[in-house]
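Chain residues, written in single-letter form:
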Amino acid sequence: MAVLKVGAPVRGSRTGRPIMVALDLLGRRSTLRILWELRAEQLTFRALQEACETNSSLLNTRLAELRALGLVEHDEGGYGLTDEGRKLNAALTPLSDWARQWKPPAR
């Protein structure tokens, strides 16, 4: 997949508006899970792979994307969220709260 960039076309948007770029990123397989698993602490690659229940190839791809976008960083302690990554998680909290109380109509 192409590197995401505001102003460049993404899935669902030819304009590349910031919200559409963010939604494209968050809609990619395992992205939300990685952000969730890193919410409280740094994790090594193996620990993150186990927590995300994913394969190493996909995890490497997503981590490269998240690092390039400045949301995840890596140091001797493992992978962790940057300040911007923590802001994103905080921005997702109201959506998570809404989803927990949401009751779709029965069909």
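Residues numbered from 1 in each chain as written. Predicted model: local features only at pLDDT ≥ 70, side-chain atom pairs only at ≥ 80, totals over all residues. Heavy atoms only, no water.

*Asks:* If you had to explain the overall build of the protein to someone new, which residues and values would you point to?
*Replies:* A tally of regular secondary structure across the protein gives 5 helices and 2 strands. Put simply, the protein runs from its N terminus to its C terminus through helices and strands in the order α-α-α-α-β-β-α. Judged by the C-alpha coordinates and their principal axes, the protein covers about 45 × 35 × 25 Å. For the protein, the residues scored as buried account for 33% of the 107 residues in total. Relative to all contacts within the protein whose residues are 6 or more apart in sequence, the contacts with residues 24 or more apart total 42%. Summed over its atoms, the accessible surface of the protein is roughly 7,300 Å², and 55% of this surface lies on carbon and sulfur atoms. Here the protein contributes 16 positively and 12 negatively charged side chains, and the mean placements of these two sets differ by 11 Å. (Helix = DSSP H or I, 4+ residues; strand = E, 2+ residues; numbered from the N terminus. Buried < 20%, exposed > 50% of the residue type's maximum accessible area, 1.4 Å probe, protein only. Contact = heavy atoms within 4.5 Å. Areas by Shrake-Rupley, 256 points an atom, 1.4 Å probe, with all protein chains shown as cover. Lys, Arg positive; Asp, Glu negative; His and termini not counted. Charge placed at Lys NZ, Arg CZ, Asp CG, Glu CD.)

*Asks:* Pulling in residues and values, what's your account of the pairing of strand S2 (residues 78-81)?
*Replies:* Relative to S2, strand S1 (residues 72-75) is paired through 4 bridges, and the arrangement is antiparallel. Paired with His 74 across the two strands is Tyr 79, which belongs to S2. Connecting S1 to the antiparallel partner S2 that follows it, the hairpin turn spans 2 residues. (Pairing = 2+ DSSP bridges.)

*Asks:* Please provide a residue-by-residue account of the packing of helix H3 (residues 45-52) against helix H4 (residues 56-68), values included.
*Replies:* Running from N to C, H3 and H4 cross one another at 110 degrees; their axes reach a closest spacing of 10 Å. Taken as axis vectors, H3 and H4 run roughly perpendicular relative to one another. Every residue of H4 that contacts H3 at Phe 45, Leu 48 and Gln 49 is listed here: Ser 56, Leu 59, Asn 60 and Leu 63. (Axes fitted to C-alpha atoms, helices over the stretch in contact; angles between N-to-C directions. Parallel < 35°, antiparallel > 145°, perpendicular 65-115°, else oblique.)

*Asks:* How would you sum up H4? Please name residues and give values.
*Replies:* Here H4 contains 13 residues, and its C-alpha end-to-end distance of 18 Å stays within 8% of the 18 Å for a straight helix at 1.5 Å per residue. Taken together, the buried positions of H4 are occupied by Leu 58, Leu 59, Arg 62, Leu 63, Glu 65 and Leu 66. When H4 is viewed along its axis, its buried side chains cluster within an angular range of 160 degrees and face the same direction. Exposed residues lying more than 90 degrees from the buried face of H4 are Ser 57 and Ala 68. In this fold, the buried residues of H4 make contact with helix H1 (18-27), helix H2 (31-37), H3, S1 and S2. Capping the start of H4, Asn 55 holds a side-chain oxygen 3.1 Å from the backbone nitrogen of Ser 57, two or three residues further along. Within two residues after H4, Gly 70 carries a phi angle of roughly 75 degrees, on the positive side. (Expected span 1.5 Å × (residues − 1). Arc of directions from axis to C-beta. Polar contact = N/O pair within 3.5 Å; in protein donor to acceptor, adjacent residues only side chain to side chain.)

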